[in-house]
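# Residue-level structural notes
Below are the chains, spelled out letter by letter.
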Amino acid sequence: MMVGIIGGAWPIFRLADGSHRFIDGQSTRALEVRPDTYTSKPGSAHDVFDTVGDENLNGPKAVACRAR
């Protein structure tokens, strides 16, 4: 579902001192992902992330994580 650990949210908190804090709740790529991690399907549009064997959707390469 392409959501992070807190769902697909961007909560903004206003603290007692009036300052604000923002939490990015979306999933991010793993630090180890490189341009050659996935193989695009031949003929797929440049703005569509279709991969050979749907490796970005199924299996160990389909995992999203929080940034470090």
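Located above this text is the structure these notes cover.
What counts as what
Residues numbered from 1 in each chain as written. Predicted model: local features only at pLDDT ≥ 70, side-chain atom pairs only at ≥ 80, totals over all residues. Heavy atoms only, no water. Helix = DSSP H or I, 4+ residues; strand = E, 2+ residues; numbered from the N terminus. Buried < 20%, exposed > 50% of the residue type's maximum accessible area, 1.4 Å probe, protein only. Polar contact = N/O pair within 3.5 Å; in protein donor to acceptor, adjacent residues only side chain to side chain. Contact = heavy atoms within 4.5 Å. Salt bridge = Lys/Arg side-chain N within 4 Å of Asp/Glu carboxyl O.

Looking at the secondary structure, you find Glu55 in the segment after β2 (20–22). A residue is classified by how much of its surface remains accessible, and Glu55, at 18% relative accessible area, is buried. At 2.8 Å, the side chain of Glu55 forms a polar contact with the backbone nitrogen of Thr39. When residues no more than four places from it in sequence are discounted, the contact partners of Glu55 are Thr37, Tyr38, Thr39, Lys61 and Ala62.

A separate point is the pattern of salt bridges. Taken as a whole and judged by the stated rule, the model has two salt bridges. Ionic pairing is found between Arg34 and Asp36, a salt bridge with its closest N-O pair at 3.2 Å. Judged on exposure class, the residue Arg34 and its partner Asp36 are both exposed. The closest approach of N and O atoms between Asp54 and Lys41, which form a salt bridge, is 3.4 Å. On the criterion of sequence distance, the pair formed by Asp54 in the segment after β2 and Lys41 in the segment after β2 is long-range, its members being 13 residues apart.

Bear in mind that shape data such as this cannot, by itself, settle questions of function.
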